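# Working through the structure, step by step
Residues per chain are reported as follows:
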Amino acid sequence: GYTPEKVRPNKVSFVNEQGTVKVKVSTKRGGERIEARAGSLTDISGPGEWTGDVFDTGAPTNVKFSIGAGADGGPDITGITVTSPAQFRVGEVKRSSEEDDDDDEDEIEQKASVEIQFSLNGQSRTLKISAKVESEDGETNSSLKISLSRIRGGEHPGVDIRIVIETSDNHFVSGFPGLG
């Protein structure tokens, strides 16, 4: 399970029992974000799901996806499915890889991200899913971030979201009503 590590009005951090995965949930300026940090890509790989009432209609939006390794060994996001009462458009998965060996340390950063744009009654929001792996001097760190932008085109009181993160050895589910 996960234990709350830090609790603040706009941010909560959790850590798993082994101390290998840290999860942070935060809100800022009407947007929400969850981030899981771990060691290797394997630690954040597997099926993922995000569910939220994006426009406070009472009907949830559900986004399912899978994090895994691409042909080059860097992160990839596949199997994206969306069920929503709002109109939506799933963007192309963008992947990048950068190597920095300018100093005495070799550093490789590989990323994958996808944006899903939602619109309803003149309002819009963007959900972004991104996975990143950084390797430097034999040490590897990975992260999975899911962020929902603030509403554009109108005011919004907040959303009820349910977040599910599955890692290779853990399963994390939490609800955060009224964030925003």
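These numbers were taken from a predicted model, which means no experiment stands behind them. (Residues numbered from 1 in each chain as written. Predicted model: local features only at pLDDT ≥ 70, side-chain atom pairs only at ≥ 80, totals over all residues. Heavy atoms only, no water.)

## Examining the pattern of salt bridges
Where we set the bar: By salt bridge we mean one thing: a side-chain nitrogen of Lys or Arg within 4 Å of a carboxyl oxygen of Asp or Glu. Three labels apply to residues, based on accessible area from a 1.4 Å probe with only protein chains included: buried if under 20% of the type maximum, exposed if over 50%, partly exposed otherwise in between. Secondary structure elements are taken from DSSP: a helix is a run of H or I of four residues or more, a strand is a run of E of two residues or more, and numbering for both begins at the N terminus.
Here the structure, examined in full by the defined rule, presents six salt bridges. Glu-35 serves as the salt-bridge partner of Arg-37, at 2.9 Å between the closest nitrogen and oxygen. By relative accessible area, which is 3% here, Glu-35 ends up buried. Put simply, Arg-95 and Asp-76 hold a salt bridge, and the shortest N to O gap is 3.8 Å. Here Asp-76 lies in strand E7 (residues 75-83) and Arg-95 lies in strand E9 (residues 94-100), a separation of 19 residues in the sequence. For Arg-95, a relative accessible area of 37% translates into the label partly exposed. Through salt bridges that share partners, Arg-33, Glu-35 and Arg-37 make up one connected network.

## Some points on a negative patch on the surface
The following threshold applies: A patch is a set of surface residues, each over 30% in relative accessible area and not in a salt bridge, joined within 9 Å for like charges and within 5 Å for the nonpolar side chains Val, Leu, Ile, Met, Phe, Trp and Tyr. Accessible surface is estimated by sampling points in the Shrake-Rupley manner with a 1.4 Å probe; for residues, cover comes only from the protein chains shown. Note on charges: Lys and Arg go in the positive column, Asp and Glu in the negative column, and His and the chain ends are not counted at all. Charge positions are represented by NZ for Lys, CZ for Arg, CG for Asp and CD for Glu.
Taken together, the side chains of Glu-98, Glu-99, Asp-100, Asp-106, Glu-136, Asp-137 and Glu-139 present a region of like negative charge at the surface. When residues of the negative patch are assigned to their parent elements, the largest contribution, three residues, is made by E9. Among the structural elements, Asp-106 can be located in the loop between E9 and strand E10 (107-120).

## Overview of the confidence of the model for the chain
Inclusion rule: For every residue, the predictor assigns a confidence score, pLDDT, that lies between 0 and 100. Residue contacts follow a heavy-atom distance rule, with two residues in contact if any of their heavy atoms lie within 4.5 Å.
Confidence in the prediction of the chain, expressed as mean pLDDT, is 82, and 80% of residues score 70 or more. When pLDDT is averaged over each helix and strand of the chain, the minimum, 42, is found for strand E14 (residues 171-179) and the maximum, 98, for strand E8 (residues 87-90). Under a pLDDT of 50 for its full length, residues 166-180 has, in the predicted model, 54 contacts with residues more than four places off or in other chains.

## A short note on the nonpolar core
For the record, the criterion: For our purposes a nonpolar core is just a set of buried Ala, Val, Leu, Ile, Met, Phe, Trp, Tyr and Cys residues, chained together by side-chain atoms within 4.5 Å.
Ranked by internal contacts, the top residues of the largest apolar core, which has 32 residues, are Val-63, Phe-65, Ile-67, Phe-118, Leu-127 and Ile-129. Residue contacts for Phe-118: discarding those within four places in its chain leaves Val-54, Phe-55, Thr-61, Val-63, Val-82, Ser-84, Gln-87, Phe-88, Gln-123, Ser-124, Arg-125 and Leu-127.

## A short note on the side chain of Thr-51
Defined as follows: Contacts described as polar in this section are N or O atom pairs within 3.5 Å, which, within protein, must combine one atom able to donate a hydrogen with one able to accept it, while residues neighboring in sequence count only if both atoms come from side chains.
With respect to the helices and strands, the residue Thr-51 is situated in strand E5 (residues 46-52). Look at Thr-51 and you get buried, because its relative accessible area is 12%. Side-chain polar atoms of Thr-51 contact the side chain of Glu-49, separated by 3.4 Å. Polar contacts involving the side chain of Thr-51 include one to the side chain of Asn-62, which spans 2.7 Å.

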